[in-house]
Amino acid sequence: MSWNATVLTLFPGMFPGPLGTSLAGRGLERGLWSLEARDIRDVTTDRHRTVDDTPFGGGAGMVLRPDVVDAACAAAMPEGDTRPLVFLTPRGMPLRQKLVRELAAGSGVVLLCGRYEGVDQRVIEARGMIEVSIGDYVLSGGEVAAMVLLDACVRLIPGVMGAAESAEEESFSSDLLEYPQYTRPAEWRGRRVPEVLLSGHHAEVARWRKAQAEAVTRERRPDLLNTEQGRDASARAPLHAAATPA
Ligand code: SAM
């Protein structure tokens, strides 16, 4: 059974984009996951295929209409579709590896990409969307954010990464950033690879890597050290609860 992603967007031509190459692209070709990009405009019924309107209360820009977004969700998610519906937005909870793991372990995901000023809040609530941000900056649309989320999920789908690549020890697998990596030559421009890595002593290498991971995390991301679980618990309900439409 493959992992199925549906993207609701005003720019379906942006997909698969970078997801069509390398690991994700090979996984697509091999049917380990599927990707459907649906044009939100396809559900409109008026001559101009209108998807947006001006914000109540005034202000710049346009807002995606709740009736249009709802119809796009309904068309993309047939009765019984239990995939979580995620709205990419800078107002959402930060995308973390824990959420990526949960999404990758399910049957897939439906992603809503905003444009302009965003999406009417009522349809976000009525459909029980999980609001997710990929970082504290503003993109012009949700498509690149959707690609980021999909890339992170797809590489965890069984069979997508070969034995040569492994997610077991990489950054965030244990709330730590990864230790530094080195390859040949053992000396480059006067810089030597740490001796312990050349020793062939597996236990010492593991100890050194753990110490390095802890040190770099303390220095660069001390926020990670007060545990991912704790932060996530306060940030959101479990995935299955959030995915149930109201
Ligand atoms: N007015 C919105 C705000 O201030 O929160 C920003 C709208 S942005 C120009 C248009 C769309 O890009 C958003 O609806 C969202 O789908 C997407 N987007 C922008 N930044 C994002 C981020 N950091 N993470 C996820 N999606 C983002």
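Cut-offs and rules
- Residues numbered from 1 in each chain as written.
- Predicted model: local features only at pLDDT ≥ 70, side-chain atom pairs only at ≥ 80, totals over all residues.
- Heavy atoms only, no water.
- Near = heavy atom within 4 Å.
- Polar contact = N/O pair within 3.5 Å; in protein donor to acceptor, adjacent residues only side chain to side chain.
- Areas by Shrake-Rupley, 256 points an atom, 1.4 Å probe, with all protein chains shown as cover.
- Helix = DSSP H or I, 4+ residues; strand = E, 2+ residues; numbered from the N terminus.
- Nonpolar A, V, L, I, M, F, W, Y, C, P; charged D, E, K, R; others polar.
- Patch = residues over 30% accessible without salt bridge, like charges linked within 9 Å, V, L, I, M, F, W, Y side chains within 5 Å.
- Salt bridge = Lys/Arg side-chain N within 4 Å of Asp/Glu carboxyl O.
- Buried < 20%, exposed > 50% of the residue type's maximum accessible area, 1.4 Å probe, protein only.
- Domains from an automatic or database assignment.
- Axes fitted to C-alpha atoms, helices over the stretch in contact; angles between N-to-C directions.
- Parallel < 35°, antiparallel > 145°, perpendicular 65-115°, else oblique.
- Left-handed = near helix turned anticlockwise from the far one by under 90°.
- Contact = heavy atoms within 4.5 Å.
- Pairing = 2+ DSSP bridges.
- Right-handed = clockwise from strand over helix to strand, strands pointing away.
- Core = buried A, V, L, I, M, F, W, Y, C linked by side-chain atoms within 4.5 Å.

**Regarding the site of the ligand**
Reasoning step 1: Looking at the ligand, there are 21 residues lining it, with Leu88, Gly114, Gly135, Tyr137 and Leu139 nearest.
Reasoning step 2: Between glycine 114 and the ligand, the recorded distance is 2.9 Å, taken from a backbone N or O atom to an oxygen atom.
Reasoning step 3: The backbone of tyrosine 137 places a nitrogen or oxygen atom 2.8 Å from a nitrogen atom of the ligand.
Reasoning step 4: Expressed as a share of its isolated accessible area of 580 Å², the protein-covered part of the ligand is 85%.
Reasoning step 5: The set of elements that each furnish at least two residues to the shell around the ligand consists of β5 (85-94) and β7 (130-133).
Reasoning step 6: The element best represented in the shell around the ligand is β5, accounting for five residues.
Reasoning step 7: For the shell around the ligand, the class distribution of residues is ten nonpolar, eight polar and three charged.

**Describing a nonpolar patch on the surface**
Reasoning step 1: On the surface, a cluster of nonpolar side chains totalling about 490 Å² of accessible area is made up of Phe11, Met14, Tyr137, Leu139, Val144 and Val148.
Reasoning step 2: Mapping methionine 14 onto the fold places it in the loop between β1 (3-9) and α1 (22-29).
Reasoning step 3: Looking at methionine 14, the relative accessible area reads 31%, which means it is partly exposed.

**Thoughts on the domain arrangement of the protein**
Reasoning step 1: With domains assigned, the protein is organised as domain 1 (3-154) and domain 2 (171-245).
Reasoning step 2: Its C-alpha centre places domain 1 at a distance of 30 Å from the equivalent point of domain 2.

**Brief notes about the packing of helix α3 (residues 97-105) against helix α5 (residues 143-154)**
Reasoning step 1: Interhelical geometry of α3 versus α5 gives an angle of 70° and a closest axis separation of 8 Å. Here α3 is positioned roughly perpendicular relative to α5, judged by the angle of their axes. The two elements α3 and α5 meet at a crossing, and its hand is right-handed. Of the residues in α5, those touching α3 at Val100, Leu103 and Ala104 are Leu149, Ala152 and Cys153.

**Some words on the sheet that holds β1**
Reasoning step 1: Here we have five strands laid out as an open sheet, ordered β2-β1-β6-β5-β7, and parallel in their pairing. Every interior strand has two partners, whereas the edge strands, β2 (33-39) and β7, have only one. With direction set aside, neighbouring strand axes in the sheet form an average angle of 35°.
Reasoning step 2: Summarising the sheet, β5 and strand β6 (residues 108-113) pair through four bridges and their orientation is parallel. By the bridge assignment, leucine 88 is partnered in β6 with cysteine 113.

**Structural notes on the pairing of β1**
Reasoning step 1: Taken across its seven residues, β1 has six buried, putting it largely inside the fold.
Reasoning step 2: In the sheet, β1 pairs with β2 via seven bridges, with the strands oriented parallel. Bridge pairing in β2 links threonine 9 to aspartate 39.
Reasoning step 3: On the question of chirality, the crossover connecting β1 to the parallel β2 by way of α1 is right-handed.

**Digging into the nonpolar core**
Reasoning step 1: Membership of the largest hydrophobic core comes to 32 residues, with the highest contact counts inside it found for Trp3 and Leu111.
Reasoning step 2: Going through the elements one at a time, β1, α1, β5, α3, β6, β7 and α5 are the ones with two or more residues in this core.
Reasoning step 3: When residues of this core are assigned to their parent elements, the largest contribution, eight residues, is made by α5.
Reasoning step 4: Ranked by size, the runner-up nonpolar core spans 19 residues in total, among them Leu64, Val69, Val123 and Met129.

**Some points on the environment of leucine 103**
Reasoning step 1: Looking at the secondary structure, you find leucine 103 in helix α3.
Reasoning step 2: Distance in space between the C-alpha atoms of leucine 103 and serine 22 is 21 Å, their sequence separation being 81 residues.
Reasoning step 3: With sequence-adjacent residues up to four places away left out, leucine 103 is seen in contact with Trp3, Pro84, Gly108, Val109, Leu149, Cys153 and Leu239.

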